[in-house]
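For reference, the chains in residue letters:
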Amino acid sequence: MAEPFVPTDLSGPVLVVVPDGMAEAAHPLSQAIAARGRSPELMEQRDFVSGHFADFQVFACGHLGNNTALRRRYTARRAFVDTFFPGPGGYFVKSVPDPFSHCHNCVVAGASSAQDLPAAIAVLADLVLKSQGQLKRVH
């Protein structure tokens, strides 16, 4: 029997990881998280290391090719978002429960292009604002 999903707690340490040069696009998500928990750290993907999964609830924005945090989940078959899926005009928002056994969830705002990523971020920011500080499973 599968373990029940443990909501993503926004009152603890949260890290938002974005493609290089796209920090401004993540501000709606950062503001939403701060409104429901505490202010997250915002990091461009070039500074991300896998050890961050142990210390933070990670919100990863982008796709396999432009975000190291997403690459790790992609290769673990936990979040398939790349330049082909979800495709032009689409986005992918998904929570990944405790993917590396660190008692932290990962949440993905994915899009195949930089032009479509703000839509994914906006949808996720809206879900965070509705969460009351405990983000339930999203997909």
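Relevant structure appears above.
**Q** How should the overall build of the protein chain be read in this particular structure?
**A** Across its full length, the protein chain carries four helices and seven strands. When the helices and strands of the protein chain are placed in sequence order, the string is β-β-α-β-α-β-α-β-β-α-β. On C-alpha atoms alone, the protein chain measures out to a radius of gyration of 13 Å, which is about the 14 Å that the 2.2 N^0.38 rule sets for 139 residues. Dimensions of the protein chain, computed from C-alpha atoms along their principal axes, come out at roughly 35 × 30 × 25 Å. The 139 residues of the protein chain split such that 48% are buried. When the accessible surface of the protein chain is summed, it comes to about 6800 Å², and 54% of that surface belongs to carbon and sulfur atoms. The distance from the centre of the 12 positive side-chain charges to the centre of the 12 negative ones in the protein chain is 7 Å.

**Q** Even after reading the chapter, I still don't get the sheet that holds strand 2 (residues 14-18), so can you show me in this structure?
**A** As a general point, the strands of a sheet are linked pairwise by backbone hydrogen bonds and lie either parallel or antiparallel. With respect to topology, five strands assemble into an open sheet ordered 3-2-4-6-5, the strand pairing being mixed. The outermost strands of the open sheet, each flanked by one partner alone, are strand 3 (41-44) and strand 5 (92-96). Strand-to-strand twist across the sheet, computed as the mean angle between neighbouring axes with direction ignored, equals 15°. Here strand 2 pairs with strand 4 (residues 57-62) via four bridges, running parallel. Directly across from valine 16, in strand 4, lies its bridge partner phenylalanine 59. Sheet strands touched by helix 4 (residues 117-129): strand 4, strand 5 and strand 6 (106-110). Its angle to strand 6, the strand with the most contacts, is close to 140°.

How each quantity is defined
- Residues numbered from 1 in each chain as written.
- Predicted model: local features only at pLDDT ≥ 70, side-chain atom pairs only at ≥ 80, totals over all residues.
- Heavy atoms only, no water.
- Helix = DSSP H or I, 4+ residues; strand = E, 2+ residues; numbered from the N terminus.
- Rg over C-alpha atoms; globule rule 2.2 N^0.38 Å.
- Buried < 20%, exposed > 50% of the residue type's maximum accessible area, 1.4 Å probe, protein only.
- Areas by Shrake-Rupley, 256 points an atom, 1.4 Å probe, with all protein chains shown as cover.
- Lys, Arg positive; Asp, Glu negative; His and termini not counted.
- Charge placed at Lys NZ, Arg CZ, Asp CG, Glu CD.
- Pairing = 2+ DSSP bridges.
- Axes fitted to C-alpha atoms, helices over the stretch in contact; angles between N-to-C directions.
- Contact = heavy atoms within 4.5 Å.

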